[in-house]
Amino acid sequence: MELRELMELRGTDALQKIQDSYGDTEGLCQRLQSSTTEGLSGDPADLERRGQTFGQNFIPPKKPKTFMELPPGKDTESCGNVSAGEEEEEGDTGWIEGAAILLSVVCVVLVTAFNDWSKEKQFRGLQSRIEQEQKFTVVRKGNVIQIPVADMVVGDMAQVKYGDLLPADGILVQANDLKIDESSLTGESDHVRKSVDKDPMLLSGTHVMEGSGRMLVTAVGVNSQTGIIFTLLGAGEMEEDGKEKKGKQPDGAVENNQNKAKKQDGGVAMEMQPLKSAEGGEVEDREKKKTNIPKKEKSVLQGKLTKLAVQIGKAGLVMSAITVIILVLYFVINTFVVEGHTWLTECTPVYIQYFVKFFIIGVTVLVVAVPEGLPLAVTISLAYSVKKMMKDNNLVRHLDACETMGNATAICSDKTGTLTTNRMTVVQTFLGDVHHRVVPDPGLVNPRTMDLLVNAIAINSAYTSKILPPDVEGGLAKQVGNKTECGLLGFVLDLQQDYAPVREQIPEERLYKVYTFNSVRKSMSTVIKLPDGSFRLYSKGASEIMLKKCSYILDPNGEARGFRPRDRDEMVKQVIEPMACEGLRTICIAYRDLPSNPEPDWENEAEIVTELTCITVVGIEDPVRPEVPDAIRKCQRAGITVRMVTGDNINTARAIAAKCGIIHPGDDFICLEGKDFNRRIRNEKGEIEQERIDKIWPKLRVLARSSPTDKHTLVKGIIDSTVIEQRQVVAVTGDGTNDGPALKKADVGFAMGIAGTDVAKEASDIILTDDNFSSIVKAVMWGRNVYDSISKFLQFQLTVNVVAVIVAFTGACITQDSPLKAVQMLWVNLIMDTFASLALATEPPTEALLLRKPYGRNNPLISLTMMKNILGHGVYQLVIIFTLLFIGERMFNIDSGRNAPLHSPPSEHYTIIFNTFVLMQLFNEINARKIHGERNVFDGIFSNPIFCSIVLGTFAVQIVIVQWGGKPFSCAPLNVEQWLWCLFVGVGELLWGQVIATVPTGASAMPEGGGPGPGARGGGRGGAGRGRGGDRLR
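Residues numbered from 1 in each chain as written. Predicted model: local features only at pLDDT ≥ 70, side-chain atom pairs only at ≥ 80, totals over all residues. Heavy atoms only, no water.

### Some words on the overall build of the protein
Phase 1: The helix and strand tally for the protein stands at 33 helices and 26 strands.
Phase 2: At a minimum sequence separation of 6, the contacts of the protein that also span at least 24 residues come to 73%.
Phase 3: Taken as a whole, the protein presents about 43200 Å² of accessible surface, with 58% of it coming from carbon and sulfur. (Helix = DSSP H or I, 4+ residues; strand = E, 2+ residues; numbered from the N terminus. Contact = heavy atoms within 4.5 Å. Areas by Shrake-Rupley, 256 points an atom, 1.4 Å probe, with all protein chains shown as cover.)

### Examining the nonpolar core
Phase 1: In terms of nonpolar packing, the biggest core is built from 115 residues, with M405, I662, F750, F773 and F914 touching the most fellow members.
Phase 2: Element by element, the count of residues in this core is highest for helix 28 (residues 773-815), at 20 residues.
Phase 3: Among all residues touching F914, those that are not within four sequence positions of it are L820, Q824, W827, V828, Q958, I961, V962 and C971.
Phase 4: I18, V139, L185 and M201 belong to the second-largest nonpolar core, a separate cluster that totals 40 residues. (Core = buried A, V, L, I, M, F, W, Y, C linked by side-chain atoms within 4.5 Å. Buried < 20%, exposed > 50% of the residue type's maximum accessible area, 1.4 Å probe, protein only.)

### Here we look at a nonpolar patch on the surface
Phase 1: A surface patch of nonpolar side chains, about 490 Å² in accessible area, is lined by I325, L329, I333, V337 and V338.
Phase 2: Looking at where V338 falls in the secondary structure, it is placed in helix 11 (residues 300-338).
Phase 3: Residue class for V338 comes out exposed when judged on its relative accessible area of 60%. (Patch = residues over 30% accessible without salt bridge, like charges linked within 9 Å, V, L, I, M, F, W, Y side chains within 5 Å. Salt bridge = Lys/Arg side-chain N within 4 Å of Asp/Glu carboxyl O.)

### Some remarks on a positive patch on the surface
Phase 1: On the surface, K121, K387, K388 and K391 cluster together to form a positively charged patch.
Phase 2: Structurally, K391 is set in helix 13 (residues 373-391).
Phase 3: A relative accessible area of 64% places K391 in the exposed class. (Lys, Arg positive; Asp, Glu negative; His and termini not counted. Charge placed at Lys NZ, Arg CZ, Asp CG, Glu CD.)

### Notes on the packing of helix 28 against helix 31 (residues 908-927)
Axes are the key here: two packed helices are described by the angle between their axes and the distance separating the axes.
Phase 1: The geometry of helix 28 relative to helix 31 is characterised by a closest axis approach of 9 Å and an angle of 160° between their N-to-C directions. Taken as axis vectors, helix 28 and helix 31 run roughly antiparallel relative to one another. Of the two possible hands of crossing, helix 28 and helix 31 adopt the one that is right-handed. Between helix 28, through Q795, F796, T799, V800, V803, A804 and T815, and helix 31, the contact on the second element is made entirely by Y910, F917, Q921, N924, E925 and N927.
Phase 2: A breakdown of the residues in the contact of helix 28 with helix 31 according to their chemical character gives six nonpolar, six polar and one charged. (Axes fitted to C-alpha atoms, helices over the stretch in contact; angles between N-to-C directions. Parallel < 35°, antiparallel > 145°, perpendicular 65-115°, else oblique. Left-handed = near helix turned anticlockwise from the far one by under 90°. Nonpolar A, V, L, I, M, F, W, Y, C, P; charged D, E, K, R; others polar.)

### Regarding a negative patch on the surface
Phase 1: A surface patch of negative charge is lined by D601, E603, E607 and E611.
Phase 2: Relative to the elements of secondary structure, D601 occurs in the loop between strand 19 (585-594) and helix 20 (605-608).

### What about the confidence of the model for the protein?
Phase 1: When pLDDT is averaged along the protein, the result is 79, and 85% of the positions lie at 70 or above.
Phase 2: Scored below 50 in pLDDT, residues 73-91 makes 38 contacts in the model with residues more than four places away or belonging to other chains.
Phase 3: Contacts for the low-pLDDT stretch residues 1003-1034, under 50 throughout, to residues beyond four places or in other chains number 64 contacts. (pLDDT = per-residue confidence, 0-100.)

### Thoughts on the side chain of T713
Phase 1: With respect to the helices and strands, the residue T713 is situated in helix 25 (residues 708-720).
Phase 2: Excluding anything up to four places from it in sequence, T713 contacts I681, I688 and I693.

### What about the pattern of salt bridges?
Phase 1: Counted by the stated rule, this structure contains 32 salt bridges.
Phase 2: Residue R140 is joined to D156 by a salt bridge in which the shortest nitrogen-to-oxygen separation is 2.7 Å. With R140 in strand 1 (residues 135-140) and D156 in the loop between strand 2 (143-148) and strand 3 (157-161), this pair connects stretches of sequence that are 16 residues apart.
Phase 3: A relative accessible area of 0% means that D156 is categorised as buried.
Phase 4: With a closest N to O distance of 3.6 Å, R564 and D567 form a salt bridge.
Phase 5: Residue classification places R564 among the partly exposed residues on the basis of a relative accessible area of 44%.
Phase 6: Bridged by salt links that share partners, the residues D630, R633, K634 and E847 form one connected network.

### Quick look at the sheet that holds strand 25 (residues 748-752)
Phase 1: Pairing is mixed in the open sheet, where eight strands are placed in the order 8-26-25-24-9-21-23-22. With one partner strand each, in any of the chains shown, strand 8 (394-396) and strand 22 (670-673) form the two edges of the open sheet. Strand-to-strand twist in this sheet, taken as the mean axis angle between neighbours without regard to direction, amounts to 20°.
Phase 2: Note that strand 9 (residues 410-413) and strand 24 (residues 730-734) share three bridges and pair parallel. Directly across from A410, in strand 24, lies its bridge partner V730. (Pairing = 2+ DSSP bridges.)

### Examining the packing of aromatic side chains
Phase 1: One pass over the full model with this rule turns up 17 aromatic pairs.
Phase 2: Where F336 meets Y351, the ring centres are 5.4 Å apart and the plane angle is 80°; that geometry is what we call edge-to-face. Here F336 is found in helix 11, whereas its partner Y351 is found in helix 12 (residues 348-369), with 15 residues between them in sequence. As far as the burial class goes, F336 and Y351 line up, both buried. (Phe/Tyr/Trp six-rings, centres within 6.5 Å; stacked < 30°, edge-to-face > 60°.)

Spelled out as structure tokens, the structure:
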């Protein structure tokens, strides 16, 4: 409790309390039996005891909904059916129809509930996977190690650095230029500067935006600031709203603060919900409800589906109303006008039964018209894809991102680590006036220069960056920490020197002042105090920026000589540009000696990091990942433009872009630097104009030396653009804290699982667990597969709907009775909805999906080809059913089922109609596997066991229903000959499908590379048939 109260204080109050209670931070450390340099002993018993005393570092999850809590109130229309069915009181058999309907409703509800339950279970699995992957650096027994966040205990000495999301509360022990974003707790969007002597309190759930340091963990899990809020949120849910909410004050404050933060950040509101909670999604959702954040617009598919479902629902309602009205009018006119009966009181129950029957038929039409399977198909398809995408190194955090990815038209990718391997090695250096094309022999380097160089690299890089021996004998050495710094440390080792002794001599606590690297400075500087009391500053950074600050350079004898602007231009031409054109990153390393008297003003950075002496300029190679050029080729073939956005030098960026295949010699493209980009998109007043962006982005392929704001501006500009009729769907990759706004703004944000900071992961939709660009191509494939699965299901579903509604409607109007009974309709609904969505939504993706262009936002969901299939198969089925309805009894030589009295037993005639209808749907389900007019509908059918088993299973159940369904299903058993005829007509669906495929669709008969036809080129304008919206149905 004492520690918990301490963590609620801020600034001077906190310092005062530490002084009064413990003397200083050192004293608190001793009280917690920890050490500022060695950390905890790491003894399991000690860790166990701390866990029991101070709590563990995780927030207990809310109990998941049990399977019984999930059945949704979805099938209300079917329930209408039940109530209607139950009124047919026919003594012994009246209950059967109602019971059968009830049973089928229970089936649908159970399937839906099971699906929701497995989705929730999967989501929790995903959440725990994200948590396990979140590790944090702590010092134990003097060794720096990474442990899962949940294993942190009070007393741990944690190392915090730029980009971390703090997993626990703590007190700062040592800090370099540390700035924290506390907006998730306080709502203040300004970054708070933390220091040991002014404000040492670090809180969980806040983000490190700059600098580094070490903290003593003082509160974890439920006792940390975030934990307290989560506990309140959980408690708040249970308390009834009417009660006086006593303990909820802080929660309200947080809510307001969050709103305030959102308002302040405006467009770039980054929602900072800690990844850490085991609650995962629920908390996020709850917080979203609490703070009315404008939601991201609906995903493309959701928008289209909602619109479609509403249209179908309205049409179904109208149809069912008309059916009921026609039936009632016909009955009334026929009974009371034509036949001249009068309404007798004793006949009222009979009339009511007729009206109830008409109502049931109306409801039946409605039930069949509404595609309840749609949401189910979408959920199944997405859930299935997400699970499979895990294997392809895509960890999906937001379900809809997976489907949006299928529509992506542009990818803005980082360079380092995504397109390249992020394994830096120094391959060239300019040292002592000589440009060495390989790492020079240590004997050729002046000893003084060597000493300065080793010190500059060893001291002026994060002490967390180091090179460890390889895991496997003969393998590559392991690079830990910042990769660029590891490249430089590797350079020291290549020069047969060692950086470890230097660091032992000057440990991190003795660094006088550190200006950490950030995207604005593009450099890092460290000040140390020399034995004689004077100061020395070491600095490293992007060569063009650093050389402007250099006034001297070391000559071959290790002496400094003047370095004028003229020399600088010469050096850029002779050294830096040739290195950059080979795709090397150029880094300049420099130093400066400063007097002790008067002591410089360390806050005035511009005055200090200037008049430097250049030691060397190195060229660092970061090779392109071998699989990237191929992945980019696939993207380009699939109609996706890849753009590279990097902080690197323009020549380096251009060289790498050419190696990756983002730009090809002879193409019409532009490569810009951040400052030119900004100059071109802003007007005289310095405001960004959309028209100016529109002139640039279509041809822009490389944006170099870009700041995070440039990235955000570019993404926003492409998304808001109206130059091209299709609104662009943009995916962005990012790993740094500063990429947050761009990741949030993009339609799909990819964060790097290995190199990515917690802030980037927080803002992203999908985490690439292997940081590899080729995994993005897999995501595109899965996204397109989801879209196609839904289209397949729609094509199948709408054919069934159209046919069933027309049959029920016309049958009812002509024969006063629907040829397909309510229970049969529900069975058809069950097959078509639940099982068809399962069967068609689990088709695995194929490479062929990448041969077509993206669909785009404005293209209708139902393409011309699909429309042709729906209408074509609809016509076939209607012809067959009406033939059977009106002349079937003569063909099969059986009694007619038409105009049967109210409670007559089931007839063979209507059973044949029902059976034929179901078998036609079954075979049409196989046709529905292809939606681009391909001929071979069996292609790859055995690679989907779910599909095969569902088709066979449905067939088996249908046999049982027809032969032994009897009164509940209104079925009479059929003989072998009748069955064969039904089967024959069903198989006819497959043959008819081939006929339909022959009919040309609009401009091209072979949409989007469906096979070896003209579409397979895929590179023509718009790929082929479906690439341009004009050819799809408006």
